[in-house]
Amino acid sequence: MIHDGDTLFDVIQTNLDQVVIEKQKMYILYDDFGKLTLKDIESMGVPYLVDKDTIENFDYSTTIDDNVYNKIKITYENKDEAVREVYIAQDSANISQWGLLQYYESINNSSLAKDKVDALIELYDRRARKLTVKGAIGDLRIRAGCYVPVNLNLGDIIAKQYLIVETVTHKWSKGHHTMDMNLIGGGGFIA
């Protein structure tokens, strides 16, 4: 790959995204007290249950207006053969229900295009959900990038799954430790 003019962070992110598409593996890059660390997310689970007994409150919303696509279209300009190669994956049932929500991208390498459209339709063809937990019982093991089990009735769904801690704010007041967390992951939970 050529990354002319890209920042180091963009190069790292592009390659981590490629690993997700090709290997279905996710890695977390984080600052571990001044040392950059790259870890397989599977090694970052914390046995801390997020449920109605461990939190004070939560904010939850769902939408199809943000990062939701039911048609993925990727093109590659094949200059050797003077043609444009088009790769498409779509969900006709969700197109009928929500209308057409299309993601389009032009790529420089056609070898991964089919895998990429399949991975993107799997990732984006669902309602986007946001979950912010407030006033959770504090636990110093919780950091951005780890994942925790969640068991909450959110109204339209019961979230009974592992979610990734996108951000966490630890708070101390009068000897009492609490946390606020943004959670993302499967089932359409997004940042």
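Coordinates for the structure precede this section.
The present account deals with the structure reproduced in this document. All values derive from a computational prediction rather than experimental measurement.

## Structural notes on the environment of Thr14
Thinking step 1. Residue position: Thr14 is located in helix 1 (residues 8-23).
Thinking step 2. Each C-alpha atom of the pair Thr14 and Met1 lies 10.0 Å from the other, and the pair is 13 residues apart in sequence.
Thinking step 3. Once you skip the residues sitting within four places of it in the chain, Thr14 turns out to touch Met1 and His3.

## Looking at a nonpolar patch on the surface
Thinking step 1. Together, Phe9, Tyr27, Leu29, Leu36 and Leu38 give the surface a local cluster of nonpolar side chains, amounting to about 510 Å² of exposed area.
Thinking step 2. Counting residues per element, the ones that place at least two in the nonpolar patch are strand 1 (27-31) and strand 2 (36-40).
Thinking step 3. Looking at the element boundaries, Phe9 is found in helix 1.

## Observations concerning the pattern of salt bridges
Pairing is possible between side chains of opposite charge, provided their charged atoms come close.
Thinking step 1. All chains considered together, the criterion is met by 12 salt bridges.
Thinking step 2. Ionic pairing is found between Lys25 and Glu42, a salt bridge with its closest N-O pair at 3.7 Å. One end of the pair, Lys25, is in the loop between helix 1 and strand 1; the other, Glu42, is in the loop between strand 2 and strand 3 (50-51), with 17 residues separating them in the sequence.
Thinking step 3. Relative accessible area serves as the criterion here: at 55%, Glu42 is assigned to the exposed category.
Thinking step 4. Close ionic contact of Arg141 with Asp139 constitutes a salt bridge, the shortest N to O distance being 2.6 Å.
Thinking step 5. Judged by its relative accessible area of 46%, Arg141 is partly exposed.
Thinking step 6. Residue class for Asp139 comes out buried when judged on its relative accessible area of 11%.
Thinking step 7. Among the charged side chains, a salt-bridge network with shared partners connects Lys25, Asp40 and Glu42.

## Focus: the pairing of strand 6 (residues 83-90)
Thinking step 1. Where strand 5 (residues 71-78) and strand 6 come together, eight bridges link them in antiparallel fashion. The partner of Glu77 across the bridge, within strand 6, is Arg84.
Thinking step 2. If you look at the hairpin formed by strand 5 and strand 6, you'll find four residues sitting between the two strands, and Ala82 has a positive phi there, around 55 degrees.

## Re the sheet that holds strand 10 (residues 158-173)
Thinking step 1. Overall, mixed pairing links the six strands, which are arranged 3-9-10-11-8-4 in an open sheet. Where the open sheet ends on each side, the last strands, each with one partner, are strand 3 and strand 4 (57-63).
Thinking step 2. In this structure, strand 8 (residues 128-137) lies alongside strand 11 (residues 176-184), joined through five bridges in antiparallel fashion. In the strand pairing of strand 11, Thr132 is matched with Asn182.

## Structural notes on helix 1
The periodicity of an α-helix, 3.6 residues per turn, causes residues three or four places apart in sequence to face the same way.
Thinking step 1. Counted at 1.5 Å a residue, the expected span for helix 1 with its 16 residues is 22 Å, and the 22 Å between its end C-alpha atoms agrees.
Thinking step 2. For helix 1, the full list of buried residues reads Leu16, Gln18 and Ile21.
Thinking step 3. Structurally, helix 1 contributes buried residues whose contacts are with strand 1, strand 2 and helix 3 (113-124).
Thinking step 4. Of the residues trailing helix 1, Gln24 is marked for its positive phi of about 55 degrees.

## Looking at the sheet that holds strand 5
What links the strands of a sheet is backbone hydrogen bonding, and the strands pair in either a parallel or an antiparallel sense.
Thinking step 1. Strand order in the open sheet made by the three strands is 6-5-7, with mixed pairing throughout. The strands lining the two open edges of the sheet, one partner per strand, are strand 6 and strand 7 (102-107). Along the sheet, successive strands turn relative to each other by an average axial angle of 15 degrees, direction set aside.

## Some thoughts on the packing of aromatic side chains
Thinking step 1. Within the structure shown, the criterion is met by four aromatic pairs.
Thinking step 2. Ring plane angle 25 degrees and centroid distance 6.2 Å describe the contact between Tyr103 and Tyr124, whose orientation is recorded as stacked. Of this pair, Tyr103 sits in strand 7 while Tyr124 sits in helix 3, placing them 21 residues apart in sequence.
Thinking step 3. Here Tyr103 falls in the partly exposed class, since its relative accessible area comes to 22%.
Thinking step 4. Residues Tyr147 and Tyr162 carry aromatic rings whose centres are separated by 5.4 Å and whose planes lie at 80 degrees to one another, so their mutual orientation is edge-to-face.

What counts and what doesn't
- Residues numbered from 1 in each chain as written.
- Predicted model: local features only at pLDDT ≥ 70, side-chain atom pairs only at ≥ 80, totals over all residues.
- Heavy atoms only, no water.
- Helix = DSSP H or I, 4+ residues; strand = E, 2+ residues; numbered from the N terminus.
- Contact = heavy atoms within 4.5 Å.
- Patch = residues over 30% accessible without salt bridge, like charges linked within 9 Å, V, L, I, M, F, W, Y side chains within 5 Å.
- Areas by Shrake-Rupley, 256 points an atom, 1.4 Å probe, with all protein chains shown as cover.
- Salt bridge = Lys/Arg side-chain N within 4 Å of Asp/Glu carboxyl O.
- Buried < 20%, exposed > 50% of the residue type's maximum accessible area, 1.4 Å probe, protein only.
- Pairing = 2+ DSSP bridges.
- Expected span 1.5 Å × (residues − 1).
- Axes fitted to C-alpha atoms, helices over the stretch in contact; angles between N-to-C directions.
- Phe/Tyr/Trp six-rings, centres within 6.5 Å; stacked < 30°, edge-to-face > 60°.

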